[in-house]
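Take a look at the letters that make up each chain.
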Amino acid sequence: MKHANVALFVPHNGCPHQCSFCNQKSITGRAKQPSPADVRAAAERASETLGPGCSAELAFFGGSFTAVEPTYMVSLLEAARPYVESGLFSGIRISTRPDCVGRNVLSLLWAYGVRSIELGAQSMREDVLYLNRRGHTARDVEEASARIRDMGFSLGLQMMTGLYGDDAEGARYTARKLAELHPDTVRIYPTVVMKDTELGRLYQEGGYVPMGLEETIPLCAELLSFFESRGIRVIRLGLHDTPELKRDMLAGAYHPALRELCESYLFLDRMLSALKERLPKRGVPVPVRVAVHPKAISKALGQKRQNLQALKEAGFQVEFLQDASVPLENFRIIDSNAG
């Protein structure tokens, strides 16, 4: 069954802290706060466009939903409730801070049809949280996650890589700690330096060197593999592509197809591992035919055919064949004859 999120963004609304990296209006491309009328309009559009067999959630993203003014929050939930009760939406998804989900607000959310809650954890290192002005602790993440799961919600956790004061090993530590909380889903966001942020100021003054794509791709590929090996779905890797993001970005690890780059990296790594016993002798290239699913051909080839080039440099002359019987995330070596 296909799944869709009908998303409304509440940029900065409810956030009690200004994190070092955050400029939600540029990241989301939204500056206006949604009204109950906007909620109803989005739901009506969805009723006309969602096809049969599509499961959809109404989602409030971009701010700390449970920290907004309570009357405003309830007005949005009231507008959404009829569409949940009618079955148009399977439930409501929200994102919020780990220190803003007490049991009372969780009970209220459940009554209005919220079924999925994502927490912006970002890091599980206390020093990194402090340096980036998050205003919460790793313990807050652990306790909030436990409450959310205990009350029957689907738990999502969000992490960032390349934050001020963090490194690759810190990201691995955060991933391990988040996995211990048994989330249903995870989002991975490499840090992008935006204008009008504290991180932007640090970058321009030389106090912060952002992690680039060259380092981010293998790291995020590793994290993607780590979570999926534990049955945790990674539902987003990298920021959404918006004109505002491109306009206000100063530096950092951004690419509109970052997840595909990471999946392509993993594909290449698996192919090299499978071919390692067939290494060429005396520098003679080994011809290899590899069957992949048609929908996986772009991952197999790599962006700008980089995987083909990497395989060639490793001593293999690879020809990819498309075969729908091959599992989507796998491949099949048809033959390999040493020269």
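Cut-off values and rules
- Residues numbered from 1 in each chain as written.
- Predicted model: local features only at pLDDT ≥ 70, side-chain atom pairs only at ≥ 80, totals over all residues.
- Heavy atoms only, no water.
- Helix = DSSP H or I, 4+ residues; strand = E, 2+ residues; numbered from the N terminus.
- Rg over C-alpha atoms; globule rule 2.2 N^0.38 Å.
- Buried < 20%, exposed > 50% of the residue type's maximum accessible area, 1.4 Å probe, protein only.
- Areas by Shrake-Rupley, 256 points an atom, 1.4 Å probe, with all protein chains shown as cover.
- Salt bridge = Lys/Arg side-chain N within 4 Å of Asp/Glu carboxyl O.
- 1 Å grid on protein atoms, 1.4 Å probe; cavity = no way out; pocket = protein on both sides within 12 Å on 5 of 7 lines; lining within 4 Å.
- Points joined across faces, edges and corners; volume = space filled by probe spheres on them.
- Nonpolar A, V, L, I, M, F, W, Y, C, P; charged D, E, K, R; others polar.
- Arc of directions from axis to C-beta.
- Expected span 1.5 Å × (residues − 1).
- Contact = heavy atoms within 4.5 Å.
- Axes fitted to C-alpha atoms, helices over the stretch in contact; angles between N-to-C directions.
- Parallel < 35°, antiparallel > 145°, perpendicular 65-115°, else oblique.
- Left-handed = near helix turned anticlockwise from the far one by under 90°.
- Phe/Tyr/Trp six-rings, centres within 6.5 Å; stacked < 30°, edge-to-face > 60°.
- Lys NZ or Arg CZ within 6 Å of the ring centre and 35° of its normal.

Enquirer: Explain the overall build of the chain to me, please; I cannot follow it from the model alone.
Expert: Along the chain, the regular secondary structure elements total 13 helices and 12 strands. The C-alpha atoms of the chain give 22 Å as radius of gyration, which agrees with the globular expectation for 339 residues (20 Å, within 12%). Of all 339 residues assigned to the chain, the portion counted as buried reaches 50%. Of the roughly 15,900 Å² that the chain leaves accessible, carbon and sulfur atoms contribute 50%.

Enquirer: What is the right way to read the pattern of salt bridges from this model?
Expert: Two side chains that carry opposite charge are able to pair once their charged atoms sit near each other. Applying the stated criterion across every chain, the model contains 24 salt bridges. Ionic pairing is found between arginine 125 and aspartate 127, a salt bridge with its closest N-O pair at 2.6 Å. The class of arginine 125 is buried, set by a relative accessible area of 19%. What makes aspartate 127 partly exposed here is its relative accessible area of 38%. Salt bridges here are not isolated pairs; linked through shared partners, they connect Glu228, Arg259, Glu263, Lys299 and Glu329.

Enquirer: Before we go on, may I ask you to explain empty space enclosed by the protein in this structure?
Expert: Sizing a probe to match a water molecule and rolling it over the atoms shows the empty space that remains. Applying the stated rule across the entire model yields 1 cavity of 30 Å³ or more. In this structure, the largest cavity occupies an estimated 30 Å³ of space. Around the largest cavity, the lining residues are Thr161, Gly162, Pro190, Thr191, Tyr208, Pro210, Met211, Thr216 and Ala253. For the lining of the largest cavity, the residue count by class is 5 nonpolar, 4 polar and no charged.

Enquirer: What is the right way to read helix α13 (residues 306-313) from this model?
Expert: Given 3.6 residues per helical turn, the α-helix brings residues three or four places apart onto the same face. Along α13, the positions that sit buried rather than exposed are Asn307, Leu308 and Leu311. In an axial view of α13, the angular spread of the buried residues amounts to 105 degrees, which keeps them on one side of the axis. For α13, the exposed residues lying more than 90 degrees away from the buried face are Lys312 and Glu313. Just beyond α13, the residue with positive phi is glycine 315, at close to 105 degrees.

Enquirer: Explain helix α6 (residues 138-150) here, please?
Expert: For α6, spanning 13 residues, the distance from its first C-alpha to its last is 19 Å, which sits close to the expected 18 Å at 1.5 Å a residue. Looking only at α6, the buried set comprises Ala138, Val141, Ala144, Ser145 and Ile148. Looking straight down α6, one finds its buried side chains confined to an arc of 125 degrees; they lie on one side. Seen from the open side of α6, the exposed residues pointing more than 90 degrees away from its buried face are Arg139 and Asp150. Contacts made by the buried residues of α6 are with α4 (103-111), β4 (114-122), α5 (126-131), β5 (154-161) and α7 (168-179). Count one or two residues on from α6 and you reach glycine 152, which has phi positive near 95 degrees.

Enquirer: Help me out: how do you make sense of the side chain of serine 145 in this one?
Expert: By secondary structure assignment, the location of serine 145 is in helix α6. Relative accessible area serves as the criterion here: at 2%, serine 145 is assigned to the buried category.

Enquirer: Just to check I follow, could you spell out the packing of α7 against helix α9 (residues 213-229) for this structure?
Expert: Between two packed helices, both the angle of their axes relative to each other and the distance between the axes serve to describe the pair. Two elements in contact, α7 and α9, have axes separated by 11 Å at closest approach and are oriented at 15 degrees. When the axes of α7 and α9 are compared, the pair comes out roughly parallel. For the pair α7 and α9, the sense of crossing is right-handed. Residues Ala168, Ala171, Arg172, Ala175, Arg176 and Ala179 of α7 lie in contact with α9, whose contacting residues are Glu215, Leu219, Glu222, Leu223, Phe226 and Phe227. For the contact of α7 with α9, the class distribution of residues is 8 nonpolar, no polar and 4 charged.

Enquirer: Which parts of the structure should I look at to understand the packing of aromatic side chains?
Expert: How two aromatic rings sit relative to each other is set out by the distance from centre to centre and by the angle between their planes. A full pass over the atoms with the stated rule returns 6 aromatic pairs. Aromatic pair phenylalanine 226 and phenylalanine 227: ring centres 5.3 Å apart, planes at 70 degrees, arrangement edge-to-face. Take phenylalanine 226: its relative accessible area is 17%, and that puts it in the buried class. Take phenylalanine 227: its relative accessible area is 0%, and that puts it in the buried class. Positioned above the aromatic ring of phenylalanine 267, the side-chain terminus of arginine 270 is 5.3 Å from the ring centre.

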